[in-house]
Structure formats: structure tokens, C-alpha cells
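Descriptive analysis of the structure
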Amino acid sequence: MKNRQRNREAFSEHSYWQSYSDMMAALLLIFILIIAITLAIYKQKTTDLDNTRLELSAAQTELDAAIADLENSKVEIEKSNEELAASLAELQQAYAQAALTKEELNNAYLEIENARQELTTTKNELQNIVGIRTDIIGALQDTFDNSNMEVDAQTGSITFSSDVLFRFNSATLTDASKESLKEIIPKYLDVLLQDRFRGYIAEIIIEGHTDTHGGYQSNMSLSYSRAKSVADFCLDTENGLSETKIEQLQKLLTVNGKSCSSPVFVTDAYGNPTSEVDMAASRRVEIKFRLKEDEMIEKIAEILNQQ
């Protein structure tokens, strides 16, 4: 009985330690399993982390490349903006220049149009006086038809010999010449100052001339003094012109001394002038007229020169 009890106790004790060791073995196995699982998870995480790092590195490379492209694009955009600004400035300058050119062109058109209108007006005025010179010369020739005074068929001027009007080297009219002038000058001026022609007359000129003897200055003084003596005679109411005609004449009259600058030359048998001066014919006083037509021709020449 006692042996049986001892065996039972021994078996009971052995069963306790065996359970304890089994438990410890199971715990160790679990611990090992946990460590293995942990290591596996760690390895997987490490692998995932490395992959992530590689992906991040690749993404960083791509990002760096994208940033570089962005910087390049920014530089190109800035360059394009500069080019665009330059083009805009050129465009604005071209526009301003075009506007200025257009304004200049409009001004030129306006000037041309004004010149055209002025030319048309002048042309109309010229057309209104076509033939007036011929009519005046014809009226003068009719007036002096039965007179010894000749009217120049081209200019309508009349000429007095200084030898008839004055004594040698004198500018005082002789008594005989005054009678001749009283007969001729009123007739001549009456034609020019009549209502039909007066509006076309720009100037009535009394012009003195000398021969080529003597100096230019002394001849200038003498030629002017003689022309002025004839002018003073014309402006005297006692010599045939009415006060009204004298007032009209004063507005048109010009007195010139030409000295010996326009001598008359001797003509040959064919009427051609030679180099020999006709002294007697050169000493003269001319009365002539200038039409407004002449002023208009000069005006037209100016307009044409401006075109």
C-alpha cells in the first residue's frame, strides 16, 4: 500500500514538471513564432520602405526634372514676354508713325487742294482778261490813228524823244514839249483809266532812259529826273487830266530811271539790231502799262513751283 502510494506521488510530481516544461516549450515556440513573424514583417516593411525610398528618389528625380523644365519654361516665357514687349513697342511706334504719316498726308492733300483751288481761281481770272492787252493796244492805236505818236503793237507803250522834251543834260521840260504832252498824255491815260480797262491795269510806268555816254550813276540821276518831270506834268490838273483821273493815276503810277541799261541799237537793212548804239533813239522817256495778268502769271508760276 505504501509503495503504491509512493509511486502515485512520484507520478504526480513528475506530471507537474512535465506540464510546466510543455507549457514553457509552447511559450518558447510562440515566442519564436512571434519573433519570426516580427522579423518577416520587419523584412517586408524594410523592403517596402526601400521600394518607397526608390519610388521617392525616382519621384524626386522626376520632380527635379520638372522643376528644371519649369525654370526653362519660365526663362522662355520671360524671353517671350520681352520679345512681346519689344514687338508691342515697335507696333506702337509704327502706329504713331503711321498716324503722323497719315496726318502729314492729309495736310499735303489739303495743301494740294488749296493750291488747286487757288490755281483754278487764278485760271478763271486769267480767262476773264484774255485779250484785254490786245483790246487796250487796239484802243490806243485807234486813239492815235491820226497822230504822229506811234503805239508799240506788242507792249502798248509810247515813246518821247528826250531831245524833243528836254535840252542837253537837262530834266526841265521845254515849253514846246509841254504843248505836245498836253495833246498826247491825256489821250493815252484816258484810254487806260476808262472803266472798261482800269480794273485790269496793275501799274502805269513812266520810264527814263539815256544814251551810253557818261557814267552810270549820273545817267541814272538824269533818267529818273526826266521821268519824274513827265510824271509831275501828268499829275498837274492844268495839263488835261481831271482830278478824278489824277487820283486814279496816283494809285497806279510808278516812276523809274533806267540810266543807260537799255540802249536802242541801230538796225540793218533787214531790221535786225546791230551792235551799234543809236544814241538819239536811246535818249527817251517811255510811258507803258502792266496788266494784273502779269501778276497772275507770276502767281501761277509760284504755285506750280510749289507742287
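For the structure given in this document, a descriptive report is provided here. Nothing here was measured: the structure is a model prediction, and the numbers come from that model.

**Some words on the pattern of salt bridges**
Inspection of every chain in the model, using the stated rule, returns ten salt bridges. For D211, the salt bridge identified is with R283, shortest N-O distance 2.7 Å. Here R283 lies in the loop between α8 (279-282) and β6 (284-291) and D211 lies in the loop between β2 (201-209) and α6 (216-234), a separation of 72 residues in the sequence. Overall, R283 belongs to the partly exposed group, its relative accessible area being 22%.

**Looking at helix α4 (residues 175-193)**
Look at α4: 26 Å from first C-alpha to last across 19 residues, which is about the 27 Å you get at 1.5 Å a residue. Roughly 35° is the biggest bend found in α4, and it falls at L181. Looking only at α4, the buried set comprises S177, L181, I184, I185, P186, Y188, L189, V191, L192 and L193.

**What about a negative patch on the surface?**
A contiguous patch of negative charge, built from E71, E78, E82 and E83, is present on the exposed surface. If you trace the backbone, E71 turns up in helix α1 (residues 2-128).

**With respect to the pairing of β6**
Along β6, six of the eight residues are buried, which leaves the element largely enclosed by surrounding structure. Relative to β6, strand β1 (residues 158-161) runs antiparallel, the two sharing four bridges. Residue pairing across strands places I158 opposite I287, the latter belonging to β6. One ladder, built from eight bridges, connects β2 with β6; its direction is antiparallel. What sits directly across from I206, in β6, is I287.

**Points about a nonpolar patch on the surface**
Taken together, the side chains of Y20, M23, M24, L27, I30 and I34 present a nonpolar region at the surface, about 550 Å² in accessible area. As for its placement among the helices and strands, M24 is situated in helix α1.

**Re α6**
End to end, α6 covers 27 Å across 19 residues, agreeing with the expected 27 Å (1.5 Å per residue, within 8%). Buried within α6 are the following residues: N219, L222, S223, R226, A227, S229, V230, A231, F233 and C234. Next to the buried residues of α6 lie α3 (162-165), α4, β2, α7 (243-252), β3 (253-257) and β6.

Reading the values: rules and limits
- Residues numbered from 1 in each chain as written.
- Predicted model: local features only at pLDDT ≥ 70, side-chain atom pairs only at ≥ 80, totals over all residues.
- Heavy atoms only, no water.
- Salt bridge = Lys/Arg side-chain N within 4 Å of Asp/Glu carboxyl O.
- Helix = DSSP H or I, 4+ residues; strand = E, 2+ residues; numbered from the N terminus.
- Buried < 20%, exposed > 50% of the residue type's maximum accessible area, 1.4 Å probe, protein only.
- Expected span 1.5 Å × (residues − 1).
- Bend = angle between axes of the 7 residues up to and from the residue.
- Patch = residues over 30% accessible without salt bridge, like charges linked within 9 Å, V, L, I, M, F, W, Y side chains within 5 Å.
- Areas by Shrake-Rupley, 256 points an atom, 1.4 Å probe, with all protein chains shown as cover.
- Lys, Arg positive; Asp, Glu negative; His and termini not counted.
- Charge placed at Lys NZ, Arg CZ, Asp CG, Glu CD.
- Pairing = 2+ DSSP bridges.
- Contact = heavy atoms within 4.5 Å.

These results come straight from atomic positions and should not be treated as a statement about function.
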